[in-house]
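Fold and contact review
The primary structure of each chain is shown beneath.
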Amino acid sequence: MIKKLRRKFICMNLTVISLILIAILCTIIYSTGHNLSRNDLELMRRLALDPPQTGQSADRPPEDLRQSYLILHLNTQGEITATENVRFSLSDDTDYSALIRAAKTARASAFSDTDAPFPPSGAAAGTEDLTMKTGVLSDQQLRFLQVHNDRFGETYVFLDISGSQVILASLARNCLFIGFFSFAAFFAISVLFARWAVRPVENAWEDQKQFIADASHELKTPLTIILTNAQLLRSPDFDETQKQRFSDNILETATRMRTLIEGLLDLSRADRGMLHSDAVDLNFTELVEQQLCLYEPIYFEHGLTLQQELAEQVHVNGSSTQLTQVIDILFDNADKYALPASQIRVKLETAHHSCLLSVTTAGKPLSAKEQTAIFKRFYRVDQSHSDCSSYGLGLSIADTIVRAHHGEIYARSGSGENTFFVRLPLAHSRV
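Our subject in this report is the structure included herewith. (Residues numbered from 1 in each chain as written. Predicted model: local features only at pLDDT ≥ 70, side-chain atom pairs only at ≥ 80, totals over all residues. Heavy atoms only, no water.)

A short note on the overall build of the protein
When you go through the protein residue by residue, the secondary structure sums to eight helices and 13 strands. Scored against the burial criterion, the 431 residues of the protein give a buried share of 39%. Sequence separation of 24 or more characterises 68% of the internal contacts of the protein that already satisfy a separation of 6 or more. About 25500 Å² of surface is accessible on the protein, with carbon and sulfur atoms providing 56% of the total. (Helix = DSSP H or I, 4+ residues; strand = E, 2+ residues; numbered from the N terminus. Buried < 20%, exposed > 50% of the residue type's maximum accessible area, 1.4 Å probe, protein only. Contact = heavy atoms within 4.5 Å. Areas by Shrake-Rupley, 256 points an atom, 1.4 Å probe, with all protein chains shown as cover.)

Some points on the nonpolar core
Judged by nonpolar contacts, the single largest core of 41 residues is most densely connected at Phe-284, Val-288, Leu-330, Phe-331 and Leu-357. Where this core is concerned, the elements lending two or more residues are α4 (240-271), α5 (284-301), α6 (320-337), β10 (343-351), β11 (354-362), α8 (394-404), β12 (408-414) and β13 (417-425). For this core, the element with the most residues is α6, which contributes seven residues. Leaving out residues up to four positions away in the same chain, Val-288 has contacts with Leu-310, Ile-327, Phe-331, Val-346, Leu-348 and Leu-357. (Core = buried A, V, L, I, M, F, W, Y, C linked by side-chain atoms within 4.5 Å.)

Looking at the packing of aromatic side chains
Taken as a whole, this structure holds 11 aromatic pairs when the rule is applied. Taking the centre distance of 5.2 Å and the plane angle of 85° together, the rings of Phe-238 and Phe-246 count as edge-to-face. With relative accessibility at 26%, the residue Phe-238 sits in the partly exposed group. Summarising the aromatic geometry, the rings of Phe-375 and Phe-420 are spaced 6.4 Å apart at their centres and angled 75° between planes, so their arrangement reads as edge-to-face. Taken together, the positions of Phe-375 in the loop between α7 (368-373) and α8 and Phe-420 in strand β13 put the pair 45 residues apart, joining distant regions of the chain. Taken individually, Phe-375 and Phe-420 each receive the classification buried, so the pair is uniform in this respect. (Phe/Tyr/Trp six-rings, centres within 6.5 Å; stacked < 30°, edge-to-face > 60°.)

Looking at the packing of α5 against α6
Close contact between α5 and α6 brings their axes to 10 Å; oriented N to C, the two are set at 35°. Along this stretch, α5 crosses α6, giving a crossing that reads as right-handed. Touching Phe-284, Leu-287, Val-288, Gln-291, Leu-292, Tyr-295, Ile-298 and Tyr-299 of α5 are Ser-320, Leu-323, Thr-324, Ile-327, Asp-328, Phe-331, Asp-332, Ala-334 and Asp-335, all from α6. Of the residues belonging to the contact of α5 with α6, the class tally is 11 nonpolar, three polar and three charged. (Axes fitted to C-alpha atoms, helices over the stretch in contact; angles between N-to-C directions. Left-handed = near helix turned anticlockwise from the far one by under 90°. Nonpolar A, V, L, I, M, F, W, Y, C, P; charged D, E, K, R; others polar.)

Here's the deal with unusual backbone geometry
Here His-352, not a glycine, exhibits a phi torsion of approximately 55°, which is positive. As for its placement among the helices and strands, His-352 is situated in the loop between β10 and β11. A positive phi is found at His-406, a non-glycine position, where the angle reads about 60°. For His-406, a relative accessible area of 54% gives the class exposed.

Next up, the structure:
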């Protein structure tokens, strides 16, 4: 599914980019060709209506004209009366009359001074009675302009456009070259971008598959225990004492399953954004003290000593139930994973606009990878606890709750001790 999503993302991205790229390059080619045509037509109009002054060399074109051209003047009877040829050469099988016939039979369009990119000059004034048509002779690579006057006859201007066609062909090749390499570059970028964009979805998909596999594994064992003990209860081969033990096993396992399911429900509510809906101003110091009062006898019973250092009147905005659950998770883990006859240190302090709760225990050092992985669902550093009430969901739930309260939870390890930190913004610093 992830590969299909990535391919679809790349195809959509390339399609949009390709359309934009094609539109840009085609616009460049079209606008360039259009401008060249308009400039050619303006030059031809000037040659037809503003001929060189008397005494000007006929073989020297105007300074702004570098193309070969031919001007033919015809009288009202259609006879050629004058010609002007500048670097213009005809093929052996073509003459002036043939060019005129080709121009008359070619597809032509009307052309006026308003079509020119420049306003008509003074010499062209009073030409309202003229009709002008223009067209292209593709075989000869010529553009022509026909100027008709009922009183004086016709004027034909033939302009060599081979240079313009070379420019357009070169531009088209360059655009094709640019388009090809741009497409290749955009393809590479799209692949990288698709991997980056799809990575959160891929991670979520992998996490979901891992979550389902882990949840199935965790549920499989207690269900097997319940089914086995239920079958033994129905067997007549056991006395009441043994059956009572089977019943106790079912009750104990069912209780553990309820704990697991409640944890899964908490994570599900967190994924749907349903946490932190009853945030109020509360005394975080009192919450920590209340939980310490509950766990201090447990620590004493397990041979652990407790040292506490709590700042007074630390207020945060949040849910009392959820933050109490976070504290309970940290204290419960301290009880489970602390070395025998070691000390547990609990400290609550304030710094800047936040408070920091730390729980330190002596235990097996956590690697840098484990310090991050322990907050994942169903992750357990000590697999020897896999048969106890721990399912590896506690720290994941705590992480979800703390992040919902705009805080952070993290672990540090060193000198044979592991410390878990919870940082929360103070109530007066919240917006």
